[in-house]
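# Commentary on secondary and tertiary structure
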Amino acid sequence: MTTNIQNQWSSQMGFILAAIGSAVGLGNIWKFPYLTGEYGGGAFVIIYLICVVLMGLPIMMAEVLLGKRGAGSPVASMRNLAKEAGQSRLWQLLGWLGVIAGFLVLSYYSVIAGWTLDYVWNSASGTFATNNTPAAIKSIFTDLTSNPTYLLILHSIFMLVTIIILARGVQGGLERAVKFMIPALFVVLIMLLAYAISTPKFMDGVHFMFDINFNKFFYPDGENFSGKGILVAMGQAFFSLSLGMGAIMVYGAYLPKDASIAKTTAIVAFADTLVAILAGLIIFPIVFSNGLEPNAGVGLVFQTLPIAFGQMPFGNIFGSLFFLLLTLAALSSAISLIEPAIAWLVETGKCARVSATIVIGIATWLLGFVTIFSFNEWSEFKLFSMNMFELIDYVTSNIMLPLGGILMAIFVAWLMKSEDVTSELKVSAQNFGYQIWNFLLRYIIPLAVTLVFLNAIGIF
Ligand code: PFF
């Protein structure tokens, strides 16, 4: 097999940490709460959870399996596996889809991560403590997003750090950082949860997240049916678990041969979901206790958490620590977003790792300008009634990732030899868990994703 993967994780634990590092990021703490707020709460959460269990988990197993067996960048892995299974070389296009999706996602992800960086400073300098009204905190956020020069500086810093870490290679940069970052993030989240519980409207937040109201979900304007919430919940499951674009596939390629795919992926999916739910349980009580609206959109987290930090003892320290950890969590996700592209460029043999990283990093940085201007100069420029940032986000999360995901499901369950699959999973074909998994991949997932897609384009 043609492979250029020289690095192996030091252990199964190294893989778990890195995959959690990829999965846990802005998707959990920034995106999940604001989507939940926009799509009306509990109904969105339950559909999201169903997607995680019935699609996310099985596809994550399939994706890790493809990476482990393909042992290369997503493009090379798919080429190797298609050859082994006697299938068309065109399957490497799946790898390409991932390379492009990762590049597109990172271009905006880095801009949002720049916001978190700014909030580290704002917390530390006491800005939130001295401006502690919801209105003042909201205007700090609006001032930030309306200043393209400042956004560009923040985006540049984030991209630069990402490039430096990536250029140094897989093991050194990643494993060490994630090991302390995730537990620390978790501790700060638990502290914030304690604060949320102490707010007067904690239970309102809980009800908002868990009371299931499908009426609001399917009839957002009170009259016309819309299935868009399902598409978005599904897209978010893929996004949050880093699925469908080869990030997890690349990490799978670095997995030691004797590691357990089922166990490792279950741990990763559980941790990722826990962080998202915690973030919601923290943010919505603050929303309701301060008379804010849950559907504030992309600014939700940035307009709510600072209120908490402004009020709690030692809020400056905890606030800056929280946003620093969030920036680091974003960094470990960012790294995985362009790892497929870098692994592929290195593999072609035309480029050393450092130059591959720089070339792709600069291209991503440039594309980030589009997102920066979407929040200010170009905010009125819309296609399909979305600004450019929303469009990139919509196309990647809701179309490219689920599409990548079903193609992986189909490849593993229909095209690979079942003995190859079972030998990677180290189970027999009679194993009950295996059979359920295979059934989901074969029938349920392709069917469900197709139905959601058809609904989104208005076919039924
Ligand atoms: N899962 C990351 C998050 O929730 O922030 C984002 C992400 C990383 C998506 C890597 C896709 C990916 F391949």
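One can find the structure itself at the top, above this paragraph.
Keep in mind the model is a prediction, meaning the values are calculated, not measured. (Residues numbered from 1 in each chain as written. Predicted model: local features only at pLDDT ≥ 70, side-chain atom pairs only at ≥ 80, totals over all residues. Heavy atoms only, no water.)

### A few points about the packing of aromatic side chains
Counting across every chain of the model gives 31 aromatic pairs. Pairing Trp91 with Phe411 gives two aromatic rings, centres 4.9 Å apart and planes at 65 degrees, and the pair type is edge-to-face. Of the two residues, Trp91 sits in the loop between α4 (74–84) and α5 (92–124) while Phe411 sits in helix α18 (residues 388–415), which places them 320 residues apart along the sequence. Geometrically, the ring pair formed by Trp414 and Tyr443 is edge-to-face, given 5.7 Å between the ring centres and 80 degrees between the ring planes. Of the two residues, Trp414 sits in helix α18 while Tyr443 sits in helix α20 (residues 432–456), which places them 29 residues apart along the sequence. Classification of Tyr443 by relative accessible area gives partly exposed; the value is 40%. Geometry around Phe239 places Lys31 over its ring, the cationic atom sitting 3.8 Å from the centre. Lying across the ring of Trp414, Arg442 places its NZ or CZ 4.0 Å from the centre. (Phe/Tyr/Trp six-rings, centres within 6.5 Å; stacked < 30°, edge-to-face > 60°. Helix = DSSP H or I, 4+ residues; strand = E, 2+ residues; numbered from the N terminus. Buried < 20%, exposed > 50% of the residue type's maximum accessible area, 1.4 Å probe, protein only. Lys NZ or Arg CZ within 6 Å of the ring centre and 35° of its normal.)

### What to know about the packing of helix α2 (residues 26–38) against helix α14 (residues 261–289)
As a packed pair, α2 and α14 sit with axes 9 Å apart at the nearest point and diverge in direction by 60 degrees. Considered as vectors, α2 and α14 are oriented oblique to each other. In the crossing of α2 with α14, the sense of the turn from one axis to the other is right-handed. Residues Asn28, Ile29, Phe32, Pro33, Thr36 and Gly37 of α2 pack against Asp272, Val275, Ala276, Ile277, Ala279, Gly280, Ile283 and Phe284 of α14. (Axes fitted to C-alpha atoms, helices over the stretch in contact; angles between N-to-C directions. Parallel < 35°, antiparallel > 145°, perpendicular 65-115°, else oblique. Left-handed = near helix turned anticlockwise from the far one by under 90°. Contact = heavy atoms within 4.5 Å.)

### So, the site of the ligand
The full set close to the ligand counts 15 residues, and Ala23, Gly27, Tyr109, Phe239 and Ser242 are the nearest of them. Separating an oxygen atom of the ligand from a backbone N or O atom of Ala23 is a distance of 3.0 Å. Between the ligand and Phe239 there is a distance of 2.8 Å, counted from a nitrogen atom to a backbone nitrogen or oxygen. Against a free-state accessible area of 340 Å², the protein chains account for coverage of 100% of the ligand. Of the residues belonging to the shell around the ligand, the class tally is seven nonpolar, eight polar and no charged. (Near = heavy atom within 4 Å. Polar contact = N/O pair within 3.5 Å; in protein donor to acceptor, adjacent residues only side chain to side chain. Areas by Shrake-Rupley, 256 points an atom, 1.4 Å probe, with all protein chains shown as cover. Nonpolar A, V, L, I, M, F, W, Y, C, P; charged D, E, K, R; others polar.)

### Considering unusual backbone geometry
The bulk of non-glycine residues show a negative phi, and the bulk of peptide bonds are trans. Unlike most non-glycine residues, Phe314 shows phi in positive territory, near 55 degrees. Note on placement: Phe314 falls in the loop between α15 (300–311) and α16 (315–347). Residue Phe314 is classed as exposed on the basis of its relative accessible area of 61%. At Phe384, a position not held by glycine, the phi torsion is positive, near 50 degrees. With respect to the helices and strands, Phe384 occurs in the loop between α17 (353–374) and α18.

### Observations regarding helix α3 (residues 42–70)
Two residues of an α-helix separated by three or four positions point the same way, owing to the 3.6 residues in each turn. The end-to-end C-alpha distance of α3, which contains 29 residues, comes to 39 Å, matching closely the 42 Å that a straight helix rising 1.5 Å per residue would cover. Maximum bend of α3: about 40 degrees, positioned at Val52. α3 sits mainly inside the fold: 23 of its 29 residues count as buried. After α3 finishes, the residue Ala71 shows a positive phi value of roughly 50 degrees. (Expected span 1.5 Å × (residues − 1). Bend = angle between axes of the 7 residues up to and from the residue.)

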